[in-house]
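# Observations on the three-dimensional arrangement
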Amino acid sequence: MPEVNISGPAGRIEARYHHQPAANSPVALILHPHPQFGGTMNNQVVYHMYYAFQRRGFSVLRFNFRGVGRSEGLFDNGPGELADAATALDWLQAYNADAPSCWIAGASFGSWIAMQLLMRRPEIEGFICVAPPANLYDFSFLAPCPSSGLMVNGAKDRVVPTESVRGLVERLKTQKDAIVDHATVPDANHFFEDQMEGLMEVVDAYLDKRLGKPAPKKGKAPKESAA
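Because the structure is predicted, anything quoted here is derived from the model rather than measured.

## Quick word on the overall build of the chain
For the chain, the count of helices and strands is five helices and eight strands. Mapped in sequence order, the helices and strands of the chain form the string β-β-β-α-β-α-β-α-β-β-α-β-α. Rg of the C-alpha trace for the chain: 16 Å, near the compact-globule value of 17 Å for 227 residues, within the 12% margin. Structurally, the chain occupies a C-alpha span of about 40 × 40 × 35 Å along its principal axes. Within the span of the chain, comprising 227 residues, buried residues form 52% of the whole.

What follows is the structure in structure tokens.
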């Protein structure tokens, strides 16, 4: 899996990229959890979602926000990270000019950034938000939510309670056009420790439903850090 360096608004953005050989492959961008609480592009949730899209024929990019790993700059509590994500998506689309569709996914803080980018980029046609921090950040900018997607959380999440995610989904469901699905993974905490299989069953099922065909059988992911 190639390591790439993208020129970002705060300097170098460290990223990992999987390229599909077909010129008309769709693209997906995956965003990691909060940089000040250990979030990196090698987070387990990010890592597994990356491969879920790869198995379905997507060219996929994940990257470290500013100040994380070898990405330059300092944490900016949202605006800077959104600028990083927009730059990463620009790079991904420039490298895949014939991509017929674009998806975005994020974990926790990354899902908040992902949804802000969704509002600014009408070409994004689907999203997956894992543990969206609806009790910690303002999601009222989703008025209306422009694309359909999935929000999923852990039933035992003490950081982002199910009630807050359900409330966000219910508000979005009152809007027209976009359909927002909601799923809860039993026994899962905010980090889906020991419950990654349950999370990915939900994510895989949603992607299969939206994309119209199941993914190829899972092979072993390349060995790399997924901390």
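## Digging into the nonpolar core
The biggest cluster of nonpolar side chains holds 41 residues, and the ones touching the most others in it are Leu29 and Met151. Examining the composition of this core, we find that seven residues originate from one element, helix H3 (residues 109-120), more than from any other. Setting aside residues up to four positions removed in sequence, Met151 forms contacts with Met115, Phe127, Cys129, Pro132, Val165, Leu168, Val169, Leu172, Val180, Asp181, His182 and Ala183. Residues Val45, Tyr50, Ile128 and Met200 belong to the second largest nonpolar core, which totals 30 residues.

Thresholds, definitions, all that
Residues take numbers from 1 onward in each chain, read along the sequence in its written order. Since the coordinates come from a predicted model, pLDDT governs what is reported: local features require at least 70, and pairs of side-chain atoms require 80 or more to be given and counted, while whole-chain, interface and lining totals use all residues. For side-chain calculations, the full set of non-hydrogen atoms in the structure is used, while hydrogens and water are omitted. What counts as a helix is a DSSP run of H or I of at least four residues, what counts as a strand is a run of E of at least two, and both are numbered from the N terminus. Here the globule rule is a power law, 2.2 Å times the number of residues to the power 0.38, and the radius of gyration is based on C-alpha atoms. Exposed residues in this analysis have more than 50% of their type's maximum accessible area, buried residues have under 20%, and partly exposed residues fall in between, with area computed by a 1.4 Å probe over protein chains only. What is meant by a nonpolar core is a set of buried Ala, Val, Leu, Ile, Met, Phe, Trp, Tyr and Cys residues, joined one to another through side-chain atoms within 4.5 Å. In this analysis, two residues are considered to be in contact whenever any of their non-hydrogen atoms come within 4.5 Å of each other.

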